[in-house]
Amino acid sequence: TQLLEQSPQFLSIQEGENLTVYCNSSSVFSSLQWYRQEPGEGPVLLVTVVTGGEVKKLKRLTFQFGDARKDSSLHITAAQPGDTGLYLCAGASSSNTGKLIFGQGTTLQVKP
Amino acid sequence: ETGVTQTPRHLVMGMTNKKSLKCEQHLGHNAMYWYKQSAKKPLELMFVYSLEERVENNSVPSRFSPECPNSSHLFLHLHTLQPEDSALYLCASSRLTSGATDTQYFGPGTRLTVL
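Residues numbered from 1 in each chain as written. Chains lettered and ligands numbered in written order. Predicted model: local features only at pLDDT ≥ 70, side-chain atom pairs only at ≥ 80, totals over all residues. Heavy atoms only, no water.

What chain A contains, in helices and strands, is 0 helices and 11 strands. Its helices and strands in sequence order give chain A the pattern β-β-β-β-β-β-β-β-β-β-β, from N to C terminus. Computed over its C-alpha atoms, the radius of gyration of chain A comes to 13 Å, within 12% of the 13 Å expected for a compact globule of 112 residues. Its C-alpha atoms put chain A at 45 × 30 × 20 Å along the principal axes. (Helix = DSSP H or I, 4+ residues; strand = E, 2+ residues; numbered from the N terminus. Rg over C-alpha atoms; globule rule 2.2 N^0.38 Å.)

Here's what the structure looks like:
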């Protein structure tokens, strides 16, 4: 069974601080996706990483896929209150069925 | 607005009721999914439909019954539910189920409370 361990589960920081969220597994994934979910809404895709060691940047967000494609991280620089939300990582099944394995999520609160 | 709509947004039902959740996608996708999101647990995949055929059933109890009449619509029929079934039920769609990088677009979910 493929599992994704996401940490930390909760994070409360002040505006302007940096933070990193981690997503770890003992399994290899074909790709890994990061989603952000706001209250009352469904998850919205932020990025997909496919290649081991890949780094992608989305404004103040930096996503990295581990060399072995078993782990990933999301780093936010100078967090803003608008970054508040639930961040989810999801690994695509190596059997290529399109099935996603989700982590437990990280609830981020950025205080002004 | 992701192009995936779900109704109702909120539902309260008793354990003996029968209700249905509806999902509609306006994206021309071929695959649709039902997920369950409970507090402090990862999103759980329940069912996957590809080209209106069910391709995955993740050991979901029979009190949940999916239906996919066409590629744009997906239903989840509920009957004799338990309080532990209370959760946010999310629908998603994607272009295909065979692509590891195909993006899944989620609806806003139905918040279900079983009394």
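Residues and elements named next belong to chain A. Among the secondary structure elements, Gln109 is positioned in strand β11 (residues 106–111). Sequence separation between Gln109 and Glu38 is 71 residues; the distance between their C-alpha atoms is 11 Å. Once residues lying within four places of it in the same chain are set aside, the contact partners of Gln109 are Leu11, Ser12, Ile13 and Thr84. (Contact = heavy atoms within 4.5 Å.)

To continue, consider the pattern of salt bridges. Residue and element names in this part refer to chain A. Enumeration over the complete set of coordinates arrives at 5 salt bridges over all chains. Two residues, Arg36 and Glu38, come together in a salt bridge whose shortest N-O distance is 3.3 Å. Judged by relative accessible area, Arg36 falls into the buried class, the value being 18%. Looking at Glu38, the relative accessible area reads 40%, which means it is partly exposed. Lys56 is the salt-bridge partner of Glu54, the closest N and O atoms lying 3.8 Å from each other. Taking relative accessible area as the criterion, Lys56 reaches 32% and is therefore assigned partly exposed. (Salt bridge = Lys/Arg side-chain N within 4 Å of Asp/Glu carboxyl O. Buried < 20%, exposed > 50% of the residue type's maximum accessible area, 1.4 Å probe, protein only.)

Okay, the sheet that holds strand β7 (residues 64–70) of chain B next. Residues and elements named next belong to chain B. Judged by pairing direction, the sheet is antiparallel, and its 4 strands sit side by side in the order β1-β3-β8-β7 without closing on themselves. The open sheet has two free edges, formed respectively by β1 (4–7) and β7, since each of these has just one partner strand. Sheet twist, expressed as the mean angle between neighbouring strand axes with direction ignored, is 20°. Of the strand pairs in this sheet, β7 and strand β8 (residues 73–79) are connected by 5 bridges, and their pairing is antiparallel. (Pairing = 2+ DSSP bridges. Axes fitted to C-alpha atoms, helices over the stretch in contact; angles between N-to-C directions.)

The next point concerns the nonpolar core. Counting 22 residues, the largest nonpolar core has Trp34, Phe64, Leu76 and Leu78 of chain B as its most contacted members. Listed by contribution, the elements that provide at least two residues to this core are β2 (10–13), β3 (18–25), β4 (31–37), β5 (44–50), β7, β8, β9 (87–94) and β11 (110–114) of chain B. Excluding residues within four positions of it along the chain, Leu76 of chain B makes contact with Lys19, Ser20, Leu21, Trp34, Met46, Phe47, Phe64, Ser65, Pro66 and Tyr89 of chain B. Leu4, Val21, Val49 and Ile101 of chain A belong to the second largest nonpolar core, which has 21 residues in total. (Core = buried A, V, L, I, M, F, W, Y, C linked by side-chain atoms within 4.5 Å.)

Next up on the list: the pairing of β11 of chain A. Residue and element names in this part refer to chain A. Burial of the side chains of β11 is restricted to one face: Thr106, Leu108 and Val110 are buried, whereas none of Thr107, Gln109 and Lys111 on the reverse face is. Relative to β11, strand β2 (residues 10–14) is paired through 5 bridges, and the arrangement is parallel. If you follow Ser12 over to β11, its bridge partner there is Gln109. Two elements, strand β9 (residues 85–92) and β11, share 3 bridges in a ladder whose sense is antiparallel. Residue pairing for β11: Gly85 is matched across the bridge by Leu108.

By a widespread convention, an interface's size corresponds to the accessible area lost as its parts come together. Each side of the interface is counted separately: chain A has 23 residues, and chain B has 23 residues. Buried surface at the junction of chain A and chain B, both sides included, amounts to about 1700 Å², of which 54% is carbon and sulfur. In this assembly, chain A and chain B are joined by 0 salt bridges. Our count for the chain A to chain B interface comes out at 3 residue pairs in polar contact (both at pLDDT 80 or more). Counting residues per element, the ones that place at least two in the side of chain A that touches chain B are β4 (32–37), β5 (44–49), β9 and β10 (100–102) of chain A. The residue inventory of the side of chain A that touches chain B, partitioned by class, reads 9 nonpolar, 12 polar and 2 charged. (Buried area = accessible area lost by both parts, 1.4 Å probe. Polar contact = N/O pair within 3.5 Å; in protein donor to acceptor, adjacent residues only side chain to side chain. Nonpolar A, V, L, I, M, F, W, Y, C, P; charged D, E, K, R; others polar.)

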